[in-house]
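Notes for the structure review
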Amino acid sequence: MIDLHTHTSASDGQYTPRDLIKKAKEEGISVLAISDHDTVTGLEEGRNAAREAGIEFINGIEINIQWTHGEFHLLGLGLKDEIHEDLADIIKKLSTARRDRNIKIVQKMNEAGIEVTIEELENMYQTKSLGRPHLADFLVQRKIVRHKQDAFDKYLAHSRPFYVEKEGADLDMAVDAIIASGGVPVIAHPLSLYLSWSKLEPVLRDIKKRGVKGLEAWHPGARENDCKRLEAMAREIGFFVSAGSDFHGEKVRADRRLGHTAGGRKIEDKYFFEELKRFM
């Protein structure tokens, strides 16, 4: 089993990098990529733990790209241990933008009578990289909502009272920075681009021309038939195909299981990793 898309407590995941590697070992995973949101701070710990566990480790990142429809997340897989200064600069800017966004969300929460500070939340979740899943969990703990999904549906989703637009990186700059850092740019969960099938293919062809090499056709947020359709489209365009669980931890996303993708399918197809290695 392999998994080319996972998250740790360095961003919005449940497990520390070391604990994630331990869990991966228990699940029988032989190749694992950590791809935290807009940060590489968990990679060294994950890399060292993977070496001890005998797991082949892939340095990764998931960068939020500025996009007018839905969300565009770009994976960078196979980064060097020391990233290029251009990628470090993008991470710094996105980190600042993320904290500014969180401050605005917290202000909205306070205006609604939910008293909390950004510092309290960062201490509570032991991270400077808060995400909406953390805020949803906080609303559950405060008994404002019963479930995390309720928090999104009522407060945190687009057009809801606590929503604040997210700032993203420029696609071309992110692609260049990933490549300069030795990595391979891959479109994460492409259905999140929120395009119709007729519009998706020409957009993907344009993205391919701009240096992106792979497409994560297999993702647990999509139906199996859609994943098969995405895989066929990716191969027609010339992308290599990737697969991942987008695992964050059971307490964060109970519907995601390490080493599994759409339809609960195990990520056993070695060719996903073999294709990636051609570009690393």
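Below is a short write-up of the structure.

On to the overall build of the protein chain, then. When helices and strands are tallied, the protein chain shows ten helices and seven strands. A compact globule built from 280 residues should have a C-alpha radius of gyration of about 19 Å, and the protein chain, at 18 Å, falls within 12% of that. In the protein chain, buried positions account for 53% of the 280 residues. Carbon and sulfur atoms provide 46% of the accessible area of the protein chain, an area that totals close to 13,200 Å². Of the charged side chains in the protein chain, 42 are positive and 46 negative, and the gap between their average positions amounts to 3 Å.

Turning our attention to the pattern of salt bridges. Under the defined criterion, the tally for this structure stands at 21 salt bridges. Between E274 and K277 there is a salt bridge whose closest N-O contact spans 3.6 Å. One end of the pair, E274, and the other, K277, are both in helix α10 (residues 271–277), three residues apart, so they sit about a helical turn from each other. Given a relative accessible area of 37%, K277 falls into the partly exposed group. Where salt bridges share partners, they join K23, E27, E250 and R257 into one cluster.

Turning our attention to the nonpolar core. Core analysis: the largest hydrophobic core is formed by 51 residues, its most contacted members being I63, L74 and L204. Leaving out residues up to four positions away in the same chain, L204 has contacts with I187, L193, L215, M233, I237 and F239. The next biggest cluster of nonpolar side chains, apart from the first, holds 19 residues, and it includes V116, I118, Y125 and F138.

Our focus in this paragraph is the sheet that holds strand β5 (residues 184–187). Across a sheet, paired strands are connected by hydrogen bonds in the backbone, their directions being either parallel or antiparallel. Sheet architecture is open: seven strands sit in the order β1-β2-β3-β4-β5-β6-β7, paired in mixed fashion. Each edge of the open sheet is held by one strand with a lone partner, namely β1 (2–6) and β7 (240–243). Taken over all neighbouring pairs, the strand axes of this sheet differ in orientation by 30 degrees on average, direction set aside. Judged from the four bridges that link them, strand β6 (residues 214–218) and β7 form a sheet pairing that is parallel. For E216, the partnering residue across the bridge sits in β7 and is S242.

The end-to-end C-alpha separation of helix α3 (residues 85–111) is 39 Å, in line with the 39 Å expected for 27 residues at 1.5 Å each. If you check which residues of α3 are buried, you get L87, I90, I91, L94, A97, R98, R101, N102, I105, V106 and M109. For α3, the secondary structure elements touched by its buried residues are β3 (56–65), α4 (118–125), α5 (132–141), α6 (148–156) and α7 (171–180). G113 sits one or two positions beyond α3 and adopts a positive phi of about 95 degrees.

Now for the side chain of N102. By secondary structure assignment, the location of N102 is in helix α3. Assessed through its relative accessible area of 4%, N102 is described here as buried. Within the structure, the side chain of N102 is placed 3.1 Å from the backbone oxygen of L130, a separation counted as a polar contact.

What follows deals with unusual backbone geometry. Leave glycine aside and you will find that most residues have negative phi; peptide bonds, for their part, are mostly trans. At H189, a residue that is not glycine, the phi angle is positive and equals roughly 25 degrees. H189 gets classed as buried once you look at its relative accessible area, which sits at 9%. Of note in this structure, Y194 is not a glycine but carries a positive phi near 60 degrees. Considering the arrangement of structural elements, one finds Y194 in the loop between β5 and α8 (197–209). Judged by its relative accessible area of 68%, Y194 is exposed.

Conventions used here
- Residues numbered from 1 in each chain as written.
- Predicted model: local features only at pLDDT ≥ 70, side-chain atom pairs only at ≥ 80, totals over all residues.
- Heavy atoms only, no water.
- Helix = DSSP H or I, 4+ residues; strand = E, 2+ residues; numbered from the N terminus.
- Rg over C-alpha atoms; globule rule 2.2 N^0.38 Å.
- Buried < 20%, exposed > 50% of the residue type's maximum accessible area, 1.4 Å probe, protein only.
- Areas by Shrake-Rupley, 256 points an atom, 1.4 Å probe, with all protein chains shown as cover.
- Lys, Arg positive; Asp, Glu negative; His and termini not counted.
- Charge placed at Lys NZ, Arg CZ, Asp CG, Glu CD.
- Salt bridge = Lys/Arg side-chain N within 4 Å of Asp/Glu carboxyl O.
- Core = buried A, V, L, I, M, F, W, Y, C linked by side-chain atoms within 4.5 Å.
- Contact = heavy atoms within 4.5 Å.
- Pairing = 2+ DSSP bridges.
- Axes fitted to C-alpha atoms, helices over the stretch in contact; angles between N-to-C directions.
- Expected span 1.5 Å × (residues − 1).
- Polar contact = N/O pair within 3.5 Å; in protein donor to acceptor, adjacent residues only side chain to side chain.

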